[in-house]
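# Structural overview for review
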Amino acid sequence: MSTDNSVSLIGKITTPLHKIFPGLHYRVWNRQRDQIVKMQLPSLSHFAGPLADASLDPERDLHVIVIPHYGPDAPTWHVAGQNHFFEIYQSLQEILGPERVTLLATDKSDPDFDYHERLLQLIIDTKATHVIGQIETDPNKSEPWSWDVPMTVLARNWDGVFIGVMWDWAYPWLSVRAKRLARINSRLLVAELCQPISGLTVKGRIEAGPMTMPLSRATTTAILDRIAGAEKVYDLTFIGALYDYRVQLIDQLRTDGVNVAVNPHRPDVTADYHESRANQPSYLDYIYGLAQSQITINFSQAAGGPGEQYKIRIQEAALAQCLCLTDDRDGTRHFFEQDQFGFFDEVGNLEQVVKVALANPEELKQRQVAAQARAIELAGTDFWGRIEAALTARGLQSLTGLAAPPEPNAG
């Protein structure tokens, strides 16, 4: 039974009791996973000795295995393809050298648990010191989820660091998975892109995040080349997925008389989520749409809940020399100076914020240029620097040695 079906069944069974026993469905799921792991571990027992031997090798050098979320069979697996794990892999090669980075490629047609054995064997073969993968789902698949099986083997037999990337902690069932893995392996470092989670996996444990998703030097160069000479065509845009709540906010803006161009980089008109996600232009076309915008809007609500998140759109807009207006009250200020983005506390005051920003074209240009310079700096070192700081704080082995740019007004 796949994890999503298991979760649905557990929810149906435990819902009537949930008000009396909060979290009961999570406990039932964890018990179920305990039994599954117990049944599957014997088939991997032959990896225990070789993993321990690899850990003890005195001539072992730093080596990292990257397990893509989608790729390299994904059509986005290329420079400026908007594939986060391509950027992780490519940027690590640029930082460490290709000889220290190994890709564990998976395909959607692979058997569900094939990656367990392949990962363990690759760690042995390369004597890897670090692994980085996306822990919310199995590689190249939505379901089933089975990271707890190889994680248990690694926790018992390998001394390396596992960096578990997340970008949807706001979804309760995904955070429950991460918490389970953190309890299993004390050398798991969770790297959450959108919000701070230190102390939320295991009480008192330092994790990494929020952070700016890395962009390789190759992709940063491609972006800057694409937007060179772009002319500002739109005063105000919204470019992105049209979730229902965003459609309502945009409709309110237009009712208030605010002229906002929605997804102008597309040749068609989009009115809802499904239309905005279908037949999408390339990532560089999206960035070019931002580059044609004086100002763009970012709505910070998390897709998995009512809370706010630091969004990658802030970074992308800044790279395109577009001033981003956000309703994010906390996250963005840890990455950009106050004059490098704009803030609105409700849709009703957006018109005034836009008018003020557009009133002084020279000042607006200065803000856009400063934001771009900061975004280039963040693209190269923020992700790896924040992971490095968390590794150091946890007493875990260094990976890149990079430091994140200082936060605005830090110290």
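Residues numbered from 1 in each chain as written. Predicted model: local features only at pLDDT ≥ 70, side-chain atom pairs only at ≥ 80, totals over all residues. Heavy atoms only, no water.

### Focus on the overall build of the chain
The helix and strand inventory of the chain stands at 14 helices and ten strands. In summary, the chain has a C-alpha radius of gyration of 22 Å against a globular reference of 22 Å for 411 residues, a match within 12%. Dimensions of the chain, computed from the C-alpha atoms along their principal axes, are close to 70 × 55 × 45 Å. Across the 411 residues in the chain, those meeting the buried criterion constitute 53%. Here the chain displays about 18100 Å² of accessible surface, and carbon together with sulfur accounts for 52% of that area. Here the chain contributes 37 positively and 50 negatively charged side chains, and the mean placements of these two sets differ by 7 Å. (Helix = DSSP H or I, 4+ residues; strand = E, 2+ residues; numbered from the N terminus. Rg over C-alpha atoms; globule rule 2.2 N^0.38 Å. Buried < 20%, exposed > 50% of the residue type's maximum accessible area, 1.4 Å probe, protein only. Areas by Shrake-Rupley, 256 points an atom, 1.4 Å probe, with all protein chains shown as cover. Lys, Arg positive; Asp, Glu negative; His and termini not counted. Charge placed at Lys NZ, Arg CZ, Asp CG, Glu CD.)

### Topic: the nonpolar core
Formed by 36 residues in total, the largest nonpolar core has its most connected members in I65, L119, I123, W147 and F162. Broken down by secondary-structure element, the contributors of at least two residues to this core are α2 (24-40), β1 (64-67), α5 (114-126), α6 (148-157), β4 (161-166), α7 (172-184) and β5 (188-192). Element by element, the count of residues in this core is highest for α5, at six residues. Not counting chain neighbours up to four residues away, the residues in contact with I65 comprise T102, L104, L119, L122, I123, T126, A128, H130, V131 and I132. If you look at the next biggest cluster of nonpolar residues, it comprises 30 residues, including V66, Y89, V101 and I387. (Core = buried A, V, L, I, M, F, W, Y, C linked by side-chain atoms within 4.5 Å. Contact = heavy atoms within 4.5 Å.)

### Concerning the packing of aromatic side chains
Tallying each qualifying case throughout the model produces 15 aromatic pairs. With a centroid separation of 5.6 Å and 35° between ring planes, the pair formed by F238 and F299 is classed as tilted. Taken together, the residues F238 in strand β6 (residues 234-238) and F299 in the loop between β8 (293-298) and α12 (312-319) connect sequence positions 61 residues apart. Taken individually, F238 and F299 each receive the classification buried, so the pair is uniform in this respect. In textbook terms, an aromatic cluster arises when at least three aromatic residues are bridged by ring pairs, as seen for Y26, W29, W145 and W173. (Phe/Tyr/Trp six-rings, centres within 6.5 Å; stacked < 30°, edge-to-face > 60°.)

### Looking at the sheet that holds strand β7 (residues 261-262)
Taken together, the five strands give an open sheet; going across it, the order is β7-β6-β8-β9-β10, and neighbouring strands pair in parallel fashion. Here the strands that pair on one side only, and so sit at the sheet edges, are β7 and β10 (342-343). (Pairing = 2+ DSSP bridges.)

### Quick notes on helix α9 (residues 244-255)
It helps to recall that an α-helix has 3.6 residues per turn; residues three or four apart then point in one direction. The end-to-end C-alpha distance of α9, which contains twelve residues, comes to 17 Å, matching closely the 16 Å that a straight helix rising 1.5 Å per residue would cover. Of the residues making up α9, those classed as buried are R246, V247, I250 and L253. Taken around the axis of α9, the buried residues stretch over an arc of 120°, which confines them to a single face. Away from its buried face by more than 90 degrees, α9 exposes D244, Q248 and T255. At the exit of α9 stands G257, carrying a positive phi of roughly 90°. (Expected span 1.5 Å × (residues − 1). Arc of directions from axis to C-beta.)

Take it as geometry only, folks, not as evidence of what the structure does.
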